[in-house]
Amino acid sequence: MPIIVNLDVMMAKRKISLNELSERVDITPANLSILKTGKAKAIRFTTLEAICEVLDCQPGDILEFK
Amino acid sequence: MKRLKLLSVLVLICFLTGSLQQIIVEGGEGYRFGYNIQEMELFLGKKADAHLLLDLKPQVLDSVVPNGVNLKNGDELIILPYKATITTFSAFDNETPQTDKTLRIINTILNFVVVGVYIYFLILFFKIFLTFTRSKVFEEVNIRRLNIIGIGFICVGLLNILLNYIRISIAIHAIELEDYYITYANVIEWGNIVIGSIILMMTEILRIAVSLKREQELTI
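About the criteria used
Throughout this description, residue numbers start from 1 for each chain and increase along the sequence as written. Labels are handed out in written order, letters beginning with A for the chains and numbers beginning with 1 for the ligands. The model is predicted, so local features are restricted to residues of pLDDT at least 70 and side-chain atom pairs to those at 80 or more, both for listing and for counting; the totals for chains, interfaces and linings are taken over all residues. Remark: hydrogens and water are excluded; side-chain values derive from all non-hydrogen atoms of the structure. By definition, any uninterrupted DSSP run of H or I lasting at least four residues is a helix, any uninterrupted run of E lasting at least two residues is a strand, and each is numbered from the N terminus. Think of it in three bands: residues with accessible area under 20% of the maximum for their type are buried, residues over 50% are exposed, and the middle band is partly exposed, with areas taken using a 1.4 Å probe on protein chains only. Residue contacts follow a heavy-atom distance rule, with two residues in contact if any of their heavy atoms lie within 4.5 Å. Calculation of accessible area relied on Shrake-Rupley with a 1.4 Å probe; when residues are assessed, cover is drawn exclusively from the protein chains displayed. If DSSP finds at least two bridges between two strands, the strands pair. The term buried area denotes the loss of accessible surface (1.4 Å probe radius) that occurs when two parts are joined, taken as the sum for both partners. Every case where a carboxyl oxygen of Asp or Glu lies within 4 Å of a side-chain nitrogen of Lys or Arg is listed as a salt bridge. For this scheme, ten residues count as nonpolar: Ala, Val, Leu, Ile, Met, Phe, Trp, Tyr, Cys and Pro. Four count as charged, namely Asp, Glu, Lys and Arg, and the remainder, Gly too, count as polar. Note on definitions: angles span 0 to 180 degrees between N-to-C directions of axes, and those axes are lines fitted to C-alpha atoms, for helices only across the stretch in contact. For classification purposes, an angle smaller than 35 degrees is called roughly parallel, one larger than 145 roughly antiparallel, one from 65 to 115 roughly perpendicular, and anything else oblique. Here a crossing is taken to be left-handed if its near helix is turned anticlockwise relative to the far helix by less than a right angle, and right-handed if that turn runs clockwise. Stacked, tilted and edge-to-face are the three classes applied to pairs of Phe, Tyr and Trp rings, where Trp contributes its six-membered ring and a pair requires centres within 6.5 Å; stacked means planes under 30 degrees apart, edge-to-face means over 60, and tilted covers the rest. By definition here, a helix of n residues has an expected span of 1.5 Å times n minus one.

A.B. asks: An account of the overall build of chain B is requested, with residue identities and associated values reported.
C.D. replies: If you tally the helices and strands in chain B, you get four helices and five strands. Each helix (α) and strand (β) of chain B, taken in turn from the N terminus, gives the series α-β-β-β-β-α-α-β-α. When burial is assessed residue by residue, chain B has 30% of its 220 residues classed as buried. Put simply, of all contacts in chain B between residues at least 6 apart along the chain, 78% involve residues at least 24 apart. Of the accessible surface of chain B, which amounts to about 14900 Å², a share of 64% is contributed by carbon and sulfur atoms.

A.B. asks: Describe the pairing of strand E4 (residues 83-88) of chain B, and please don't skip the residues or the numbers.
C.D. replies: Two faces make up the sheet, and in a regular strand the side chains alternate between them. Residue and element names in this part refer to chain B. Taking every second residue as pointing to the same face, the buried face of E4 carries Ala84, Ile86 and Thr88, while none of Lys83, Thr85 and Thr87 on the other face is buried. By the bridge criterion, six bridges tie strand E1 (residues 50-58) to E4 in an arrangement that is antiparallel. Within the sheet, the bridge partner assigned to alanine 50 lies in E4 and is threonine 88.

A.B. asks: For the interface of chain B and chain A, give the residues involved together with the corresponding values.
C.D. replies: Size of an interface, as often reported, equals the accessible area lost when the parts are brought together. Facing the five residues of chain B at the interface are 11 residues of chain A. For the pair chain B and chain A, the summed buried surface comes to about 720 Å²; carbon and sulfur atoms form 63% of the total. Three residues stand out in chain B for area buried against chain A, namely Leu218(B), Thr219(B) and Ile220(B), and they jointly supply 85% of the buried area on that side. Here chain B is connected to chain A by zero salt bridges. For the side of chain B that touches chain A, the class distribution of residues is two nonpolar, two polar and one charged.

A.B. asks: Explain the sheet that holds E4(B) to me, using residue names and the numbers behind them.
C.D. replies: Residues and elements named next belong to chain B. Read from one edge to the other, the open sheet built from three strands follows the order E4-E1-E5, with strand pairing classed as antiparallel. Pairing within the sheet leaves two strands with one partner each, and these edge strands are E4 and strand E5 (180-182). Strand-to-strand twist across the sheet, computed as the mean angle between neighbouring axes with direction ignored, equals 50°. Bridging between E1 and E5 involves three bridges; their strand directions are antiparallel. The residue of E5 that forms the bridge with leucine 56 is isoleucine 182. In this fold helix H3 (residues 140-174) packs onto E1 and E5, with an angle of close to 85° to the strand it touches most, E1.

A.B. asks: Break down the side chain of Ser169(B) for me, with residues and values.
C.D. replies: Mapping Ser169(B) onto the fold places it in helix H3. Excluding residues that lie within four positions of it along the chain, Ser169(B) makes contacts with Leu103(B) and Tyr184(B).

A.B. asks: With reference to specific residues and values, describe the packing of helix H2 (residues 18-25) of chain A against helix H3 (residues 29-36) of chain A.
C.D. replies: Residue and element names in this part refer to chain A. At a minimum axis separation of 9 Å, H2 and H3 run at an interaxial angle of 110°. Taken together, the axes of H2 and H3 are roughly perpendicular relative to one another. H2 and H3 meet at a crossing whose hand is right-handed. For the pair formed by H2 and H3, the contact residues are Leu18, Asn19, Leu21 and Ser22 on the first element and Pro29, Leu32, Ser33 and Lys36 on the second. Taken together, the residues that form the contact of H2 with H3 break down as four nonpolar, three polar and one charged.

A.B. asks: Break down the environment of Val187(B) for me, with residues and values.
C.D. replies: One can find Val187(B) in the loop between E5 and helix H4 (190-217). As for Val187(B) and Asn164(B), which are separated by 23 residues in sequence, their C-alpha atoms are 5.6 Å apart.

A.B. asks: Pulling in residues and values, what's your account of the packing of aromatic side chains?
C.D. replies: Residue and element names in this part refer to chain B. Counted under the stated rule, the structure contains five aromatic pairs over all chains. Measuring from centroid to centroid gives 6.0 Å for tyrosine 118 and phenylalanine 121, while their planes differ by 90°, and the two rings are edge-to-face. With tyrosine 118 and phenylalanine 121 both in helix H2 (residues 98-133), this residue pair falls three residues apart, about one helical turn. Judged by relative accessible area, which is 1%, phenylalanine 121 ranks as buried. Taking the centre distance of 6.3 Å and the plane angle of 40° together, the rings of phenylalanine 126 and phenylalanine 129 count as tilted. Remark: phenylalanine 129 and phenylalanine 126 occur in helix H2; sequence separation between them is three residues, near one turn of the helix. For phenylalanine 126, a relative accessible area of 45% corresponds to the partly exposed category. With a relative accessible area of 17%, phenylalanine 129 lands in the buried category. An aromatic cluster of three or more residues is present, and its members are Tyr118, Phe121 and Phe153.

A.B. asks: So what about H4(B)? Which residues, and what values?
C.D. replies: A rise of 1.5 Å per residue sets the reference length of H4(B), with its 28 residues, at 40 Å; its end C-alpha atoms lie 40 Å apart and thus fit the reference within 8%. Buried within H4(B) we find Asn192(B), Ile193(B), Gly196(B), Ile199(B), Thr203(B), Leu206(B) and Val210(B).

A.B. asks: Would you mind going over the environment of Leu52(B) in detail, with residue names and values included?
C.D. replies: All names here are of chain B. In this fold, leucine 52 is placed in strand E1. Judged by its relative accessible area of 7%, leucine 52 falls in the buried class. Note: C-alpha distance between leucine 52 and alanine 171 (119 residues apart in sequence) is 7.4 Å.

This is the structure we're talking about:
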């Protein structure tokens, strides 16, 4: 898949755990894990917005086209 | 989902009622027919050796004469049997060619296969119905089951064609009628093939639905 999810990189940079992020973004850890491991087929704008807000980053920091 | 459950119950009821009707009505008629044949066997002093349901056609259609009476008004009627059960008493004796015997054995085996396949369909239908009641319709296993049923119906249709062909071949070898000839005209039965094709088409729709569901599940 040419779109790479760099969520784990951003989480490491912000020193935030999966459980904490899932609580603050209000999605289940299982779903966040799917996103983190690159298994997700799509991401809703609302989810992306919430993640960017919590991690204080841009969508481009999380998603990358290779 | 409620409508789907309702429809599945309807399909199951139709399937079971149809099967029961066939067993009771045809079984009852078969029993009566068998009883009459037995009486005839005692009367003739020889055993019936075959009961064949055959399609017939009159040899000369132009010179058909009235051969029946309408008891309601006394009118003359022309009755042309196009389907008839013919019972033979010595058409298949010991001098029957080996090919005929083989065909009859194949015919019997294929009949059992068709019955077995129908029972298997019933089990699969019931399993699919159970997934409906548990609201787990969009599953890979249901696609597989429906696929088996669809392909099975087409196979049964093809088997029926083979069975009809064998039955008519056996009859043509051993029986020759005065005013009618045995025809291959209705050897192909499209019913099961059409049902199988429709089920396979619906299965493809279900396959698309399952893949959409899977994608939806992976949308975060």
